[in-house]
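So you can see what is in the structure, the chains are spelled out below.
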Amino acid sequence: MSETPNEALPGAEPGPTSRVVRTSARKGLVDSVLGTRNLMTIAALVVCNCIIFIPINYVSVMTAGTQRGVYLGVGLIGLWAVDFLLPVTIVRRPGAAIVAGLLYGLIGMVATPVGPAAIVGCRAFVELPLLLTFYRFWDWRMFMACATCFGLLNSLLYVASMGALIGSDMNALLVAIGVASGVVGGLLVLGATRLLNMAGVGIDRDAR
C-alpha cells in the first residue's frame, strides 16, 4: 500500500493530521488480464471448455500419423478455436488467449496423453489480429478475423508437418477446410458470447 497526501479541506490547518489517500500497489493490474476477476473468469471458461479440450486431444493422438487423422485434424480446428477464442471474447483483455493456453497446458499435463504439447503450435496466437491492430477493436468482425486467422495458421501448420504423408496436391484443400472450420468455430464463439453476456457473464467493451 502507498500513501499519497491529499489537499487539505478549506479552513483546515495543514499538519500531520492531514488526510491521506491509500492506494493499492496492484491497482494497475485490476483492469488487466491479470486482475483477479478476469483471471477467475478465464479459469472458469477453461474448466468448462475442457468438455471439448480433453476429447479432441485424445482424438488427435488416436488418429495421428494417418491421412484420415490429418483431415480430421484440420476439420477440428473450429473446436480448438472455441477453446482459445471464447476467453478473449468474454474477458476482452490483451493476453487472455495466452493465459488460457497456459491453463490448458496445466490441465493437459494430467488429463490428456499429449501433456502441455496440447498448446503447441498457433493455437495461442488466436489474438494475432488483435495484436496487429494494437487491441483497439473488440467487435464481432475482429473476432471473426481472429477465428479465420486461427484456422489459416493451424491448417498451414498441419500441411507443413504432414506434407510427406498427404502429398502436396492436397495442401490447398486442407487449408480451405481448416479456414472453413475456423470460421464455423468463430460463429459458435459469437453465439456463446452473446448468451453468456445476456446471462451477465463477461465484460462488454464498446468497439472503438
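Our subject is the structure listed above.
This text gives an overview of the structure that appears in the document.

1. A word on the pattern of salt bridges
Then step 1. This model, assessed by the stated rule, comprises 2 salt bridges.
Then step 2. Residue Arg141 pairs with Asp139 through a salt bridge whose shortest N-O separation is 2.9 Å.
Then step 3. Classification of Asp139 as buried rests on a relative accessible area of 14%.

2. Quick word on the environment of Leu79
Then step 1. Following the sequence through the fold, Leu79 ends up in helix 3 (residues 77-91).
Then step 2. Taking the C-alpha atoms as reference, Leu79 lies 9.7 Å from Asn49; in sequence the two are 30 residues apart.
Then step 3. Once you skip the residues sitting within four places of it in the chain, Leu79 turns out to touch Ile52 and Ile56.

3. Details of the nonpolar core
Then step 1. Ile42, Leu85, Val88, Val126 and Leu130 are the most contacted members of the largest nonpolar core, which totals 40 residues.
Then step 2. Going through the elements one at a time, helix 1 (36-62), helix 2 (67-75), helix 3, helix 4 (96-111), helix 6 (140-166) and helix 7 (171-198) are the ones with two or more residues in this core.
Then step 3. When residues in this core are grouped by element, the largest group, 10 residues, is from helix 3.

4. Some remarks on the packing of helix 3 against helix 4
Then step 1. Two numbers describe how helix 3 lies on helix 4: the axes approach to 8 Å, and their chain directions differ by 135°. Here helix 4 runs oblique to helix 3, going by the angle between their axes. In the crossing of helix 3 with helix 4, the sense of the turn from one axis to the other is right-handed. The residues of helix 4 that touch helix 3, namely those facing Asp83, Phe84, Pro87 and Val88, are Ala96, Ala97, Ala100, Gly101 and Tyr104.
Then step 2. Looking at side-chain class alone, the contact of helix 3 with helix 4 contains 7 nonpolar, 1 polar and 1 charged residues.

About the cut-offs
- Residues numbered from 1 in each chain as written.
- Predicted model: local features only at pLDDT ≥ 70, side-chain atom pairs only at ≥ 80, totals over all residues.
- Heavy atoms only, no water.
- Salt bridge = Lys/Arg side-chain N within 4 Å of Asp/Glu carboxyl O.
- Buried < 20%, exposed > 50% of the residue type's maximum accessible area, 1.4 Å probe, protein only.
- Helix = DSSP H or I, 4+ residues; strand = E, 2+ residues; numbered from the N terminus.
- Contact = heavy atoms within 4.5 Å.
- Core = buried A, V, L, I, M, F, W, Y, C linked by side-chain atoms within 4.5 Å.
- Axes fitted to C-alpha atoms, helices over the stretch in contact; angles between N-to-C directions.
- Parallel < 35°, antiparallel > 145°, perpendicular 65-115°, else oblique.
- Left-handed = near helix turned anticlockwise from the far one by under 90°.
- Nonpolar A, V, L, I, M, F, W, Y, C, P; charged D, E, K, R; others polar.

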